[in-house]
Amino acid sequence: MIAMGLLSFPYQLSAVGYSQWWLPIFFGIIANVTIIPMIWLAGKYKEDSLFKIHEILFGRIMGKTINMVLIIIGCILMAATVERYLEMIQLVAFPYRTLTGPLIMLMLVAVFIAKRGIKSVARFCIIAFFLTSPMVYLLRWGLEEGKITHLLPLFNFTGKEFLAATKEGYSSIVGYELLMFYFPYIINQKKVFKHASIGIWISIFFYFLISMVSVIHFSEWQLKNVLYPVLNLFKYVELSFLEKIDTIGITFWVFLILSTVSAYLWVLKEGIESLRSKKHAAHLYIIAVIITVMVFIPLSQSQEEKIYGHAFYASYALILWPNLLSLVHMIKSRKGRGSNDKSKMVYICCLFNRLFRLYVGKR
Amino acid sequence: MCVSIWKELWNKLMEQANKAKQPVKPDQQDKEEQSVSIEKQGKPDDVKSQQKAIEGPDPSQQKAIEGPDPSQQKAIEGPDPSQQKAIEGPDPSQQKAIEGPDPSQQKAIEGPKPSQQKAIEGPDLWQQKAIEGPDPSKQKAIEGPDPSQQKAIRGLDPSQQKAIRGLDPTQQKAIRGLDLSQQKAIEDPDPSKQKAKEKLADNQVFVNLNLIKQKLKNIGDAVYKDIQTDEGTVTMIYLSTLVDSKKLLESVTLPITNEIEHVLSTFDCADKNNIDSMVMSIVEGETILYFHQLNHVLKVKTFSPQERAISTSDTETTVIGPQDAFTESLQTNLSMIKRRITQPGLKTVDRIIGKETNTKISIIYVEHLVNDENLKRLEDRIAKVDYPGFFDITMLKQIIEDDPYSPFPQYFHTVRPDSTALWLLDGRIVIAMDNSPNVMVCPTSFLEMFFSPEDFYNRWTTASMLRILRFFGFFITIMLTPMYISTLTYHPGLMPYELLIMLQESRSRVPFPPVIEVLFIELVIEVLRESGSRMPSKIGQTIGIVGGIVIGTAAVEAGLVSNTLIVLVAVSALLSFLMPSFLMSNASRFVRYIFILSAGVFGLFGQMLALAWLFNHLLNLTSLGTPYMTPVIPRKMTDLYDGIIRFPLHFIRKTRGIARAKK
């Protein structure tokens, strides 16, 4: 969940101005609610990942087509993450150098992590969390130099602004939908909801901290115009022995990027395997090469923004997707069994599904 | 006519044999094969004559040897000449006759009737005496030096022998399976009879000294010594380099010359059917005693090579705590562990590994603590080891490690008995090896590589401080010089202005990029360290001084490296020796080069990528199937009490997560 999004999170939320600091909590609630249908659905197919579920629910051809679309979206998402990060690295650490080498090295290490399977990815994510979370301490200097009065008033925005901020900001939160892919590999499947919620709220806590400190520290104009507020917050750190802490911060960020990229890599590899119904180590390398090439494709900034932006919207769709799948599953099972028992959970799912559609439709 | 009768009879017997389908007992068959193999091995001419003497005594002589009753004797071993002829004869018809002899004859050849057997071996003391007794005159008749008798014993000609003993297995079976009563006699379930029979068979196997000599040929220190005792001549065979003469005198020579009865009843019996095992025990340093008259072989443990005394450790010294360290002797090492953990639960399982070296190892564990799955896994791995020779436990360690390609040691090794005992009480498995002063501990985690037994003897505050120092020392030593490279090459902005000026000033005369500079000076340090460790200590000092001057001032003055770098390299070299595990400090030095190169290529970003690789590698490593990074995965809360910070001892009661101990 935490990768590039966190760096520019306050900027994306800037539409609502100073009131943005409590938005992460709102996002957290949304995220927590949206994992309910995911887990419910995954619980119905304990042994199968989303790719397999598609094939079961929609039939072979249709399922594979959907999977194909998913894989393409995944590739674009990954390319977006990697490219944004590398641009950042170029900005901060390698001002006058090409990014070919770092890109290849980054992908190599990501492949290295993903090669050993989901276990390795999970372990890396845990260690990345432990290593990078102390960086929160660096926010101290930002807090010291800000005005706490920026936190008030609370609801100083219009509905339109709120929607715009949500649309932009929620893209940083996405990532937990991968749960549907690695669910079959979870040992304690009964406690998934609890653990996933804890995970979501931990990362929401970091988002909350960052946006709050940004609100306290920056002026409203700065929030709207500073592209990477977190970087700027790093710059305010004053240590006697280090000048530009943001260089270290950004290079250290590679742990978060790698945890995201390797997780996506693994999921995409699984996707290709489900497409070809065959397991092969080469799939991982193929995916990595495709993404590297995608990052290399010279596109203008606006085109990139467009493509990547759409890809992120697609991931919103993916978050809502399980609702639809649950419906299909329900209809199918009703047809199959002739019963019409509708659990409360499903009812809630449908409700949320409808709500979200309304919400997205307005946008 | 005669032939057809024989044929019919043979077929009948075969049927009977198949019906009975009582296979020959495996041990008997083994013995049978052994005797055949002994015969075959003794091919060389000088051996042949003796062989004859052993195997085929002349009926008349046989009488003298085995039983005073001529008729019985006849029944046992010597088919009368006419029958013999029938068996051996070149005539094809007669040849057939061999395959199916008349039951009575058969009886006579192989299986004496129970009554007869009794007569031979039974409780009849007088007869027994006749066979084994100390009666000198009869003994003489058996083994005596009288050449004519010897000749007589050599008895039957080789072809005859072959005919009787060398029948192919199926025929032998057929012969055995003839008469049911005979069958009974052979495989009688009655243990006493069985025993008597075995004894008879055993007594009939004579040890071929020449064969042993043949096997020990070209071994310069092999000693054959004949000693005259009350029980006749005894030949002592041993390797003089493995056996101390004083020990030999004390434990062998004096007892057999003075208290032979005692020796016969207390010393270990050797399996005289198995020449190979006898030779093996000689090579292992045991002394073999062959009693010619009694046809009896004993072996004595006389292995007594020179051993190093128990001394303090050079590599794992501590200020407080016990100072003794393991030696090269497995026995001494085991005793050092056993005197620390006095309880019957401490198990030591012996194994022999190494195809050529036959090295003894001992798997040590506390039975009620160790994880059975771990133990089984380890034993399986040891069983699969296929390697010619082992000279230190570290060799075995590399072979049975989970990931042999990793630069990190996955099992701990120590020379300290106190440390070993601590690990054992934590439910770990320890392997000790003969000729190795190190023992291996498994499974172990990455963090535990930074623990020293002294941590438990110091106050918890000091211990925690030292552990923090060691643990972070590892990461500093791999990051310090790479940081210098990336700062000066890619991110000069990282430094405060004053520091940067100072750095640049000291580097102003250096014409190389920082990577080359660092690689140069790191390599010089490595060379100094390596040459220092190979040099004799007196020259080593000189090297140290020369190296110090070369690195300290000359290199800087010559403009090869900067002052600051000298400080950094020296600090990182010192830090790399902080780790109590020597293999870990070696690993840290190797990993540092990866970081130096990646910093040279991509600066701080490269360093972080390398760090990510390192963590991923460590996370994927396992030690005996348990994750190497154990405080991270699997997480066990109580492990934190004895982690980077060592809590006061009364917090540390439970065993660690990685051991998955029973309690």
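Before reading further, recall that the structure is shown in the block above.
In this report, the structure presented in the accompanying data block is examined.

About the criteria used
Residues numbered from 1 in each chain as written. Chains lettered and ligands numbered in written order. Predicted model: local features only at pLDDT ≥ 70, side-chain atom pairs only at ≥ 80, totals over all residues. Heavy atoms only, no water. Helix = DSSP H or I, 4+ residues; strand = E, 2+ residues; numbered from the N terminus. Areas by Shrake-Rupley, 256 points an atom, 1.4 Å probe, with all protein chains shown as cover. Contact = heavy atoms within 4.5 Å. Buried area = accessible area lost by both parts, 1.4 Å probe. Salt bridge = Lys/Arg side-chain N within 4 Å of Asp/Glu carboxyl O. Pairing = 2+ DSSP bridges. Axes fitted to C-alpha atoms, helices over the stretch in contact; angles between N-to-C directions. Patch = residues over 30% accessible without salt bridge, like charges linked within 9 Å, V, L, I, M, F, W, Y side chains within 5 Å. Buried < 20%, exposed > 50% of the residue type's maximum accessible area, 1.4 Å probe, protein only. Phe/Tyr/Trp six-rings, centres within 6.5 Å; stacked < 30°, edge-to-face > 60°. Lys NZ or Arg CZ within 6 Å of the ring centre and 35° of its normal.

Here the focus is the overall build of chain A. Helix and strand counts for chain A come out as 17 helices and zero strands. On chain A, roughly 17000 Å² of surface is accessible, and the fraction owed to carbon and sulfur atoms is 66%.

This paragraph deals with the interface of chain B and chain A. The partner chain A presents 31 residues to the 29 residues of chain B that form the contact. Carbon and sulfur atoms make up 75% of the area that chain B and chain A hide from each other, which totals about 2700 Å². Ranking the residues of chain B by area buried against chain A places Leu494, Phe602 and Phe605 of chain B at the top, with a combined share of 22%. Counting the contacts that link chain B with chain A gives zero salt bridges.

It is worth spelling out the sheet that holds strand β9 (residues 429-433) of chain B at this point. Residues and elements named next belong to chain B. The antiparallel open sheet is built from five strands, whose spatial order is β6-β7-β9-β10-β8. Every interior strand has two partners, whereas the edge strands, β6 (346-353) and β8 (412-414), have only one. The mean angle between the axes of side-by-side strands here comes to 25°, regardless of whether they run parallel or antiparallel. Sheet analysis places strand β7 (residues 359-366) next to β9, joined by four bridges and oriented antiparallel. When the sheet's bridge partners are listed, Ile363 is paired in β9 with Ile431. Of the strands in this sheet, β6, β7, β9 and β10 (439-442) touch helix α22 (residues 372-384), which is tilted by about 175° from β7.

Residues Val289, Val293, Ile297, Leu299 and Ile307 of chain A make up a contiguous nonpolar surface patch of roughly 380 Å² in combined accessible area. Inspection of the secondary structure assignment puts Ile307 of chain A in helix α16 (residues 301-337).

Residue and element names in this part refer to chain A. Structurally, Ile287 can be placed in helix α15 (residues 282-296). Given the relative accessible area of 0%, Ile287 is considered buried. Between the C-alpha atom of Ile287 and that of Trp266, which follows or precedes it by 21 residues, the distance is 9.3 Å.

So, about the pairing of strand β2 (residues 232-239) of chain B. Residues and elements named next belong to chain B. Counting buried residues along β2, seven of its eight residues qualify, which places the element largely inside the surrounding structure. Here strand β1 (residues 222-229) runs beside β2; their pairing, made up of eight bridges, is antiparallel. Looking across to β2, one finds that Val223 is bridged to Tyr238. Here β1 hands over to β2 after two residues, the two strands then running antiparallel side by side. Here four bridges tie β2 to strand β4 (residues 286-291), and the two strands are oriented antiparallel to one another. Its bridge partner lying in β4, Val234 is registered against Phe291.

Right, let's get into the packing of aromatic side chains. A full pass over the atoms with the stated rule returns 28 aromatic pairs over all chains. Chaining the aromatic ring pairs together yields one cluster made of Phe124, Phe252 and Phe255 of chain A together with Phe408, Phe446, Phe450, Phe471, Phe472, Phe474, Phe475, Phe615 and Tyr628 of chain B. Across from the ring centre of Tyr224 of chain B, 5.2 Å away, lies the NZ or CZ of Lys213 of chain B, which sits over that ring. Sitting over the ring of Phe451 of chain B, Arg467 of chain B keeps its end group 3.5 Å from the ring centre.

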